[in-house]
Structures are given as structure tokens and as C-alpha cells.
Amino acid sequence: MSEKPIVEINNKIGLPGEKLDQAAADLLKTALNLPAVETSSALADVIGLFGDRIKVYRAERRVTILHDAHGRLAEKGLSLDQTKPMLEGQVYDMIEGMGSAHTDELADMWAGLMANAMDPRMQVSADRTFTSVLQSLSPSDARVINFLSVAEKQTAWEQEKRHEARRGNTQGMTEDQLAQRRKEIEAEILPKKLKLIELYEAMAVEDIQADKLSLRNLVRLDLIA
């Protein structure tokens, strides 16, 4: 006796082809939150509209990120004629990745990578190693990496500021002057601390911890220990 297939296909679905097509189209329109009058109920029409929207969305993301990268170079004091060119293949990889950067954190990473890769003072190359890692990051991954990066810079900056206050004691400052300087430094640190707390809260740690796969991806990519 022959074995039965694991999956049996029921050919008697009971819906004609055009109804199946319409049901699939309606489902896709609902997923996309499209108005019922925006397109016909033919699946091919909805997919065509979906494809157009993807192109527009990705183009907008790329423009935004490229504009951000340009601004970062300007902040570094670099005009475009002072930057170093990238390999053509690297540019293609960057453009491809930028189109899928659908959160601000991911977009910031793409802009930062491109600006650093074009900075002649930095030994950074936007090769496939970096672009493939960025494309592998989920929004949760990007939030974690962004927070850790900011926290590390914040810690180093605070340590330098407090070291500056301690140095004042050896530069002829009185105790009162030194205490005043420490107050000024703490006042300077406080807004950055509050910003870091905001960033921590936006990271949604509880959601990330609840997703058991979230941090595993960062470990797999060797980005955290």
C-alpha cells in the first residue's frame, strides 16, 4: 500500500479563479492599508502599485540618508572635493542597503558609514564586511548598538570632565573655586545624562529582552559579547 502524502491538496476549493485573485488582492490591500478605491481588486494591479510604492519609499530613504551623510562630512569640515572616492561596487552595496533602512537608527548607521568611508582622515572602508553586517541588523539590534555607542562616548566624556575638575586643584584654584567648577561641570553633564536616559527608554529594553533572538543576532555577528 502506497503511503499517503504528508500534505493533501484539496482541488475542490469552491472559489473560481477570479474570486481567489480578489481575496488575495483584498488581503494585500488591507495589509498595506490602501483605500478600497485606490486600485482595482485584481492582484496584479495591487502588486504593481505595491512595487511602485516600494520604489518611492526606497528612493526617499536613500535621499534622506545621502543627505545626512553629506551633512556629516560638512560637520567634519570636509567639502566634497576633499573627500576620498569609494569603490563602485561599495557604492552599489551602500545604495542597496540604504533602501531597506526603515528606522532612524539604521539610517544613522548607513549615513555614518558612508561619511566615514569618504573621510580621507579615517581608515574606514565600506566593504562588504560592514554593509552585510548592517543589512543583518534588526531595528532592535540597531537600537542596542546605538545606545551602547552613545553610552560609551558619554562615559569617556564624563570621566574627562571630572578629571578636568580634579586637575584644577593643582592649577592654583581655591577650594571654593574648585567646588564651583565642579558644580558647573555637573550642570554640563546633567543634560547629556538625561538624553542618555531618554535613549535608554526609547530602546525598549523589556521588549528586546522578551525577544530571545534579538540579542543572539548581535552575538552571532560578534558585535557584543
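Computed from a predicted structure; not experimentally measured.

1. Focus: the overall build of the chain
Helix and strand content of the chain: nine helices and zero strands. Within the chain, buried positions represent 27% of all 225 residues. Counted over contacts in the chain with a minimum sequence separation of 6, partners at least 24 positions apart contribute 67%. Carbon and sulfur atoms make up 56% of the accessible area of the chain, which amounts to about 15,600 Å² in all.

2. Thoughts on the nonpolar core
Ile65, Met86, Met94, Trp110 and Met114 are the most contacted members of the largest nonpolar core, which has 22 residues in total. Setting aside its immediate chain neighbours within four residues, Met94 contacts Met86, Trp110, Leu113, Met114, Ala126 and Thr131.

3. Some words on the environment of Lys84
The topology assignment puts Lys84 in the loop between α2 (43-75) and α3 (88-98). For Lys84 and Arg121, which are 37 residues apart along the polypeptide, the C-alpha to C-alpha distance reads 9.2 Å. Here Val124 takes part through its backbone oxygen, which lies 3.2 Å from a polar atom of the side chain of Lys84.

4. Describing the side chain of Asp141
With respect to the secondary-structure elements, Asp141 resides in helix α6 (residues 139-167). A polar atom in the side chain of Asp141 sits 3.0 Å from the backbone nitrogen of Ser138.

5. Quick notes on the pattern of salt bridges
Evaluated as defined, the whole model comprises five salt bridges. Note that Asp108 is salt-bridged to Arg72, the shortest N-O span being 3.7 Å. Placement of Asp108 in helix α4 (residues 104-117) and of Arg72 in helix α2 is noted, with a sequence separation of 36 residues between them. Where salt bridges share partners, they join Asp68, Arg72 and Asp108 into one cluster.

6. What to know about a nonpolar patch on the surface
Together, Leu190, Leu194 and Ile197 make up an exposed nonpolar region whose accessible area comes to about 270 Å². If you trace the backbone, Leu194 turns up in helix α7 (residues 175-202).

7. Thoughts on the environment of His67
Inspection of the secondary structure assignment puts His67 in helix α2. Judged by its relative accessible area of 62%, His67 falls in the exposed class.

8. A look at the packing of α2 against α4
Direction vectors running N to C along α2 and α4 enclose 50°, while the axes themselves pass 8 Å from each other. By the angle class used here, α2 and α4 are oblique. Seen along the crossing, α2 lies across α4 with a hand that is right-handed. On the side of α2, the interface is formed by Arg61, Ile65, Leu66, Asp68, Ala69, Arg72 and Leu73, while α4 contributes Asp104, Ala107, Asp108, Trp110, Ala111, Gly112, Met114 and Ala115. Considering only residue class, the contact of α2 with α4 consists of nine nonpolar, one polar and five charged.

9. Section: the packing of α3 against helix α5 (residues 128-136)
Across the interface, α3 lies against α5 with an axial gap of 10 Å and an inter-helix angle of 5°. One element, α3, and the other, α5, form an angle in the roughly parallel class. Two secondary-structure elements touch here, α3 through Asp93, Met94, Glu96 and Gly97 and α5 through Arg128, Thr131 and Gln135.

10. Topic: the layout of surface pockets
Its volume calculated, the largest pocket comes out at about 750 Å³. Around the largest pocket, the lining comprises 25 residues; the ones closest to its centre are Met109, Gly112, Asn116, Ile145 and Ser149. Residue assignment for the lining of the largest pocket shows that the elements contributing at least two residues are α4, α5 and α6. Looking at side-chain class alone, the lining of the largest pocket contains 14 nonpolar, five polar and six charged residues.

11. Quick look at α4
An ideal rise of 1.5 Å per residue puts 20 Å on 14 residues; α4 measures up with 20 Å between its terminal C-alpha atoms. Of all 14 residues in α4, 10 are buried; the element is thus mostly enclosed. Considered for burial, the residues of α4 that qualify are Leu106, Ala107, Met109, Trp110, Ala111, Gly112, Leu113, Met114, Ala115 and Ala117.

12. Quick look at α2
Between the first and last C-alpha of α2 there are 48 Å, a value that for 33 residues agrees with the 48 Å anticipated at 1.5 Å per step. For α2, the full list of buried residues reads Val46, Arg61, Ile65, Ala69 and Leu73. Positioned one or two residues after α2, Gly77 has a phi angle of 85°, which is positive.

Here is what the cut-offs are and how they apply
- Residues numbered from 1 in each chain as written.
- Predicted model: local features only at pLDDT ≥ 70, side-chain atom pairs only at ≥ 80, totals over all residues.
- Heavy atoms only, no water.
- Helix = DSSP H or I, 4+ residues; strand = E, 2+ residues; numbered from the N terminus.
- Buried < 20%, exposed > 50% of the residue type's maximum accessible area, 1.4 Å probe, protein only.
- Contact = heavy atoms within 4.5 Å.
- Areas by Shrake-Rupley, 256 points an atom, 1.4 Å probe, with all protein chains shown as cover.
- Core = buried A, V, L, I, M, F, W, Y, C linked by side-chain atoms within 4.5 Å.
- Polar contact = N/O pair within 3.5 Å; in protein donor to acceptor, adjacent residues only side chain to side chain.
- Salt bridge = Lys/Arg side-chain N within 4 Å of Asp/Glu carboxyl O.
- Patch = residues over 30% accessible without salt bridge, like charges linked within 9 Å, V, L, I, M, F, W, Y side chains within 5 Å.
- Axes fitted to C-alpha atoms, helices over the stretch in contact; angles between N-to-C directions.
- Parallel < 35°, antiparallel > 145°, perpendicular 65-115°, else oblique.
- Left-handed = near helix turned anticlockwise from the far one by under 90°.
- Nonpolar A, V, L, I, M, F, W, Y, C, P; charged D, E, K, R; others polar.
- 1 Å grid on protein atoms, 1.4 Å probe; cavity = no way out; pocket = protein on both sides within 12 Å on 5 of 7 lines; lining within 4 Å.
- Points joined across faces, edges and corners; volume = space filled by probe spheres on them.
- Expected span 1.5 Å × (residues − 1).

Honestly, it's all geometry; don't read function into it.
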